[in-house]
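Each chain is listed here by its residues.
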Amino acid sequence: MPPLRLAILVSGRGSNLQALIDARDSDVLPVNIVLVASDKVRAQALRRAEDAGIATLALDPKTYPSRAAFDAELFARVAAHRPDLVVLAGFMRILDAAAIAPWQGRMINIHPSLLPKYPGLHTHARALEAGDAVHGTSVHFVTGELDGGPVIAQARIATRADDTPDSLAQRLLPREHALMVETVALLAARRITLAADGIALDGTPLAAPLQLDANGRLAG
Ligand code: GRF
């Protein structure tokens with residue numbers, strides 16, 4: 001099976017990108033990272049990609065006349081690298097539905113909440129304000145609806161009485177990294193598919209998102 005060709009879109013710190021690079025380098029993830037692209041020229045994530053010898057692309061949205069024009073250019077440049085999968089890993093920009101459509105089933109995002117709870121921003125604060133005993137993170141296929149596509153897999157953590165949004169985010173981050181790597185590993189093994197009736201694992205429809213277990217592995 002040829003390694004899955006990944007294009008990874010980033011806006012900031014790039015710790016999820018780093019988790020994918022590290023997994024690739026330790027031979028646990030058979031992927032070829034063909035491009036790391038960003039809407040933020042100074043993103044730390046771009047430096048991580050450069051350090052790993054991965055091709056990078058930075059486009060400044062302010063230099064485009066419209067969102068649609070930026071997205072069209074971005075995805076034309078992404079497509080030129082022939083990725084099998086586009087991974088949004090801390091890509092903090094809303095994408096035009098027209099730009100997403102050709103990538104349906106071939107684009108995933110990691111979002112720091114137990115979707116469908118808390119799409120959008122400030123997810124940790126919102127979970128604490130709601131008094132949630134359990135919080136988490138989700139990897140989902142990207143559709144035109146913000147943080148709204150079918151959820152492939154989730155990781156859950158317990159909240160604590162003394163949690164702040166920062167402490168919760170910090171505790172969740174290593175689980176995000178494991179979730180990202182494990183989910184991409186299933187996709188790299190061509191075990192996950194998206195059809196009109198939903199996500200399937202090894203051809204069997206998923207009744208609910210896969211869950212990351214205590215050992216950092218995905219289970220049905
Ligand atoms: C992560 O919390 C991810 O869930 C969210 O943005 C953050 C990105 O972190 N979408 P990093 O850039 O991967 O370190």
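Criteria and cut-off values
- Residues numbered from 1 in each chain as written.
- Predicted model: local features only at pLDDT ≥ 70, side-chain atom pairs only at ≥ 80, totals over all residues.
- Heavy atoms only, no water.
- 1 Å grid on protein atoms, 1.4 Å probe; cavity = no way out; pocket = protein on both sides within 12 Å on 5 of 7 lines; lining within 4 Å.
- Points joined across faces, edges and corners; volume = space filled by probe spheres on them.
- Helix = DSSP H or I, 4+ residues; strand = E, 2+ residues; numbered from the N terminus.
- Nonpolar A, V, L, I, M, F, W, Y, C, P; charged D, E, K, R; others polar.
- Axes fitted to C-alpha atoms, helices over the stretch in contact; angles between N-to-C directions.
- Parallel < 35°, antiparallel > 145°, perpendicular 65-115°, else oblique.
- Left-handed = near helix turned anticlockwise from the far one by under 90°.
- Contact = heavy atoms within 4.5 Å.
- Pairing = 2+ DSSP bridges.
- Near = heavy atom within 4 Å.
- Polar contact = N/O pair within 3.5 Å; in protein donor to acceptor, adjacent residues only side chain to side chain.
- Areas by Shrake-Rupley, 256 points an atom, 1.4 Å probe, with all protein chains shown as cover.
- Sits in = over half its atoms within 2 Å of the grid points.
- Phe/Tyr/Trp six-rings, centres within 6.5 Å; stacked < 30°, edge-to-face > 60°.
- Lys NZ or Arg CZ within 6 Å of the ring centre and 35° of its normal.
- Buried < 20%, exposed > 50% of the residue type's maximum accessible area, 1.4 Å probe, protein only.
- Arc of directions from axis to C-beta.

A. Seen up close, the layout of surface pockets. For the largest pocket, the calculated volume is near 890 Å³. Sorting the residues of the lining of the largest pocket by element identifies α1 (15–25), β5 (107–111), α5 (123–129) and α6 (165–188) as the ones contributing at least two each. Across the lining of the largest pocket, the residue classes break down as 16 nonpolar, 15 polar and five charged.

B. Focus on the packing of α1 against helix α2 (residues 44–51). Two numbers describe how α1 lies on α2: the axes approach to 9 Å, and their chain directions differ by 15 degrees. Judged on the interaxial angle alone, α2 and α1 are roughly parallel. Every pair of crossing elements has a handedness; the one defined by α1 and α2 is right-handed. Residue-level contacts link S15, L17, Q18 and I21 of α1 to A45, R48 and A49 of α2. Residue composition of the contact of α1 with α2, by class: four nonpolar, two polar and one charged.

C. Focus on the sheet that holds strand β10 (residues 204–205). Spatially, the three strands line up as an open sheet ordered β8-β9-β10, and their pairing is antiparallel. The outermost strands of the open sheet, each flanked by one partner alone, are β8 (192–195) and β10. As paired elements, β8 and strand β9 (residues 198–201) share four bridges and run antiparallel to each other. Counted as the bridge partner of I192 is L201 from β9.

D. Focus on the site of the ligand. In the neighbourhood of the ligand, the contacting residues comprise R13, G14, S15, N16, G90, I110, P112 and E176. Separating an oxygen atom of the ligand from a side-chain N or O atom of S15 is a distance of 2.5 Å. At a separation of 3.0 Å, a nitrogen atom of the ligand approaches a polar backbone atom of I110. Computed on the free molecule, the ligand has an accessible area of 370 Å², of which 87% lies beneath the protein chains in the complex. In this structure, the ligand is accommodated by the largest pocket. Across the shell around the ligand, the residue classes break down as two nonpolar, four polar and two charged.

E. Main features of the packing of aromatic side chains. Across all of its chains, the model carries two aromatic pairs by this definition. Positioned above the aromatic ring of F70 is the side chain of R93, whose terminal nitrogen or guanidinium carbon lies 4.4 Å from the ring centre.

F. Just α2, in detail. Taken together, the buried positions of α2 are occupied by A45, L46, R48 and A49. Taken end-on, α2 shows its buried residues confined to a sector of 155 degrees, consistent with a single buried face. Packed against the buried residues of α2 are β1 (4–10), α1, β2 (31–38) and β3 (56–58). Positioned one or two residues after α2, G53 has a phi angle of 75 degrees, which is positive.

G. Representation of the pairing of β9 within the structure. Where β8 hands over to β9, the hairpin turn is made up of two residues, counted between the paired strands. Relative to β10, β9 runs antiparallel, the two sharing two bridges. In the sheet register, A200 faces β10, and the bridge partner there is P205. Counted between consecutive antiparallel strands, the loop separating β9 from β10 contains two residues, among which D202 sits at a positive phi close to 50 degrees.

These values are about where atoms sit, not about what they do.
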